Amino acid sequence: VVDSDDLPLNVNRETLQESKIITIIRKKVTRKVIDMISKFSKEEMPEEEPKEEAEVEIDEEGNVIPSEDKEVEEEKEHPYITWYKKFAPSIKMGVVEDEPNRKRLAKLIRVKTNKSDGKFISFEDYVENMKEWQKDIYFISGQNEDELAKSPFMEKFDEKEVEVIYFTEPADEYMVGHMREFNGKKLTTITHEGVEFDDEDKDLTMRRKTAYSEKYRPLIKYMNKFYGSAVSKAKISVRLGSAPAIVSSSEYGQTANMERIMKAQAFAHGQDVRGNMNIKTLEINPRHPFIESLLDQVPDVDDEDAKAPIEVRDALWSVLDTALLNGGYEINEGKAFSLRMMRSIKRQLGVESVELLDEIDPPVEEEVPPEMDAANMDSLNLDDFDLGDVDLGEFSGVGDEEA
């Protein structure tokens, strides 16, 4: 309830929209609500009420019999977390729309990370847990936490035990787009190209990257020509682990998850999705055997008459397809992908041709009456048959004439 002596007596929509008093009241009420929620989030965990001791069964020797129906007690969550799960989208949209209160609302956000064991933490907790050399707040966005935890982008961060925030809701993408930093720490997605770690020897990393670039220059040059507009460029990556390649977005571009969301919105409104396509970069792993083998098999890009065998071309496209899927993108050329898979299956099974075989010519089968089981003949009764449409009068007197 808000009490004010300065409100105009004549209240209508125009008055409410233009009244300075209403604007001031709106700001004060919003600030008051945020303060109340902030205090709620900082409250101590309420003490649990003592539970009644369950009855214990004792055997003949006086030993306690363990109960088989004993349930595993789950850790009780904070009341604020219970409340937050219901109103999280509203707080995140408040970060997007309410610029004056953006920093206050950001402190109310709770997130899950690769090191939080499924529990919610605040951005303040994340900053406290940052490595000494870490300058940015790292995050990755996708559809669910299990998918993000298995992403090839996470391998290097898990190896270095760097905490990464999981964003799985559509509102997260819009929130991060407006909340560029928190307490002076920039929010950086690990799916962008150019992510570096300050704990590494920069001189050694640069020299190693230069050596790899020089070694794989023919392959990179051929890939840029071979893939055409499918990717903006191919480059050496020193952050990949077990994956042969991955597709990342440009430093200032949209994430793959944001592109998926915008595609869904465009399809829903019947719009052309090509304007929402992101600039993609193919990062190849110079230590992977697949990349080493492709380097030896691709032809010289300057030789216009040289053409890679169909097996090498299929391998190049397969590397890109897996890199797109690992990066969170979709495979655009579904028909071409199906044809490549068919050729791969053909080679694996050793099939020479995929032409259909002739139709089978089945033999003519004679109609054979079903065999009667003599053992069950005694159990047959005339009442078991439906004789409703049979005129028994036609057979009356036949036996008398023969006699």
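Note that the structure is a prediction, hence the values are computed from the model and not measured. (Residues numbered from 1 in each chain as written. Predicted model: local features only at pLDDT ≥ 70, side-chain atom pairs only at ≥ 80, totals over all residues. Heavy atoms only, no water.)

Student: So what about the pattern of salt bridges? Which residues, and what values?
Tutor: Close approach of charged atoms lets side chains of opposite charge pair. Applying the stated rule across the entire model yields 18 salt bridges. Lys92 serves as the salt-bridge partner of Glu169, at 3.2 Å between the closest nitrogen and oxygen. One end of the pair, Glu169, is in the loop between strand E6 (165-167) and helix H8 (170-178); the other, Lys92, is in helix H3 (residues 79-97), and 77 residues separate them in sequence. With a relative accessible area of 31%, Glu169 lands in the partly exposed category. When salt bridges with common partners are traced through the structure, they connect Lys92, Glu169 and Asp172 into a single cluster. (Salt bridge = Lys/Arg side-chain N within 4 Å of Asp/Glu carboxyl O. Helix = DSSP H or I, 4+ residues; strand = E, 2+ residues; numbered from the N terminus. Buried < 20%, exposed > 50% of the residue type's maximum accessible area, 1.4 Å probe, protein only.)

Student: If you had to explain helix H14 (residues 334-349) to someone new, which residues and values would you point to?
Tutor: The α-helix advances 3.6 residues per turn, and as a result positions three or four apart in sequence lie on the same side. Helix length check: H14, at 16 residues, gives a terminal C-alpha distance of 23 Å against a target of 22 Å (1.5 Å per residue), a fit within 8%. Of the residues flanking the end of H14, it is Gly350, one or two places downstream, whose phi is positive at about 70°. (Expected span 1.5 Å × (residues − 1).)

Student: Give me the lowdown on the sheet that holds strand E3 (residues 110-113), citing residues and values where you can.
Tutor: Picture the strands of a sheet paired through backbone hydrogen bonds; they go either parallel or antiparallel. Across the sheet, which stays open at both edges, the six strands sit in the order E4-E3-E6-E5-E8-E7 with mixed pairing between neighbours. Here the strands that pair on one side only, and so sit at the sheet edges, are strand E4 (121-122) and strand E7 (181-182). Bridge analysis of E3 against E4 gives two bridges, and the strand direction is antiparallel. Residue pairing for E4: Val111 is matched across the bridge by Ile121. Sitting on the sheet, H8 is in contact with strand E5 (136-141), E6 and strand E8 (185-189), with an inclination near 120° to E6. (Pairing = 2+ DSSP bridges. Contact = heavy atoms within 4.5 Å. Axes fitted to C-alpha atoms, helices over the stretch in contact; angles between N-to-C directions.)

Student: Could you give an account of the pairing of E3, with specific residues and numbers?
Tutor: Relative to E6, E3 runs antiparallel, the two being bridged by two bridges. Across the sheet, Thr113 pairs through a bridge with Ile165, a residue of E6.

Student: Residues and numbers for the pairing of strand E10 (residues 245-249), please.
Tutor: Of all the five residues making up E10, five are buried; the element is thus mostly covered by neighbouring parts of the structure. Burial along E10 is two-sided: the face carrying Ala245, Val247 and Ser249 and the face carrying Ile246 and Ser248 are both buried.

Student: So what's going on with a positive patch on the surface? Which residues, and what values?
Tutor: A contiguous patch of positive charge on the surface is contributed by Lys28, Arg31, Lys42, Lys103, Arg104 and Lys107. Secondary-structure elements contributing two or more residues to the positive patch are helix H2 (20-41) and helix H4 (102-106). Structurally, Lys103 can be placed in helix H4. With relative accessibility at 64%, the residue Lys103 sits in the exposed group. (Patch = residues over 30% accessible without salt bridge, like charges linked within 9 Å, V, L, I, M, F, W, Y side chains within 5 Å. Areas by Shrake-Rupley, 256 points an atom, 1.4 Å probe, with all protein chains shown as cover. Lys, Arg positive; Asp, Glu negative; His and termini not counted. Charge placed at Lys NZ, Arg CZ, Asp CG, Glu CD.)

Student: Just give me the short version of the sheet that holds E10, but keep the residues and values in it.
Tutor: The strand order E9-E11-E10 describes an open sheet built from three strands, whose pairing is mixed. Because the sheet does not close on itself, it has two edges, and the strands there are strand E9 (233-236) and E10. Strand-to-strand, the axes of this sheet are offset by a mean angle of 30°, without reference to chain direction. With five bridges connecting them, E10 and strand E11 (residues 280-284) associate as antiparallel partners. Residue Ser249 lies in a different strand from E11, and its bridge partner there is Lys280. Contacts from helix H10 (residues 217-227) reach E9 and E11 within the one sheet, and its direction differs from that of E9 by about 160°.

Student: Describe H2, with residues and values.
Tutor: Between the first and last C-alpha of H2 there are 32 Å, a value that for 22 residues agrees with the 32 Å anticipated at 1.5 Å per step. Turning to H2, its buried residues are Ile22, Ile25, Ile34, Ile37 and Ser41. All buried residues of H2 fall inside an arc of 165° around its axis, so they share one side. Turned more than 90 degrees from where H2 packs its buried face, Lys20, Lys27, Lys28, Lys32, Met36 and Lys39 sit exposed. (Arc of directions from axis to C-beta.)

Student: Can you explain the packing of aromatic side chains? Please cite residues and give values.
Tutor: Scanning all chains against the criterion turns up 15 aromatic pairs. Ring centres of Phe40 and Tyr80 lie 5.7 Å apart, and the angle between their planes is 80°; on these two criteria the pair is classed as edge-to-face. Here the residue Phe40 occupies a position in helix H2, and Tyr80 occupies one in helix H3, the gap between them amounting to 40 residues. Taking the relative accessible area as the measure of exposure, Phe40 reaches 22% and is therefore partly exposed. Between Phe226 and Trp317 the ring centres are 5.2 Å apart and the planes differ by 50°, which places this aromatic pair in the tilted class. One end of the pair, Phe226, is in helix H10; the other, Trp317, is in helix H13 (residues 310-326), and 91 residues separate them in sequence. According to the relative accessible area criterion, Trp317 is partly exposed, its value standing at 25%. Among the aromatic residues, those joined into a ring-pair cluster are Phe40, Tyr80, Trp83, Tyr84, Phe87 and Phe120. Here Lys160 stacks its cationic end above the ring of Phe197, 5.4 Å away from the centre of that ring. (Phe/Tyr/Trp six-rings, centres within 6.5 Å; stacked < 30°, edge-to-face > 60°. Lys NZ or Arg CZ within 6 Å of the ring centre and 35° of its normal.)

Student: Before we move on, could you go through the packing of H2 against H3 and cite the residues and values that matter?
Tutor: Running from amino to carboxyl end, H2 crosses H3 at an angle of 130°, the nearest separation of the two axes being 8 Å. Our classification of the angle between H2 and H3 gives oblique. Along its contact with H2, which presents Ile37, Phe40 and Ser41, the element H3 presents Pro79, Tyr80 and Trp83. Class assignment for the residues of the contact of H2 with H3 results in five nonpolar, one polar and no charged. (Parallel < 35°, antiparallel > 145°, perpendicular 65-115°, else oblique. Nonpolar A, V, L, I, M, F, W, Y, C, P; charged D, E, K, R; others polar.)

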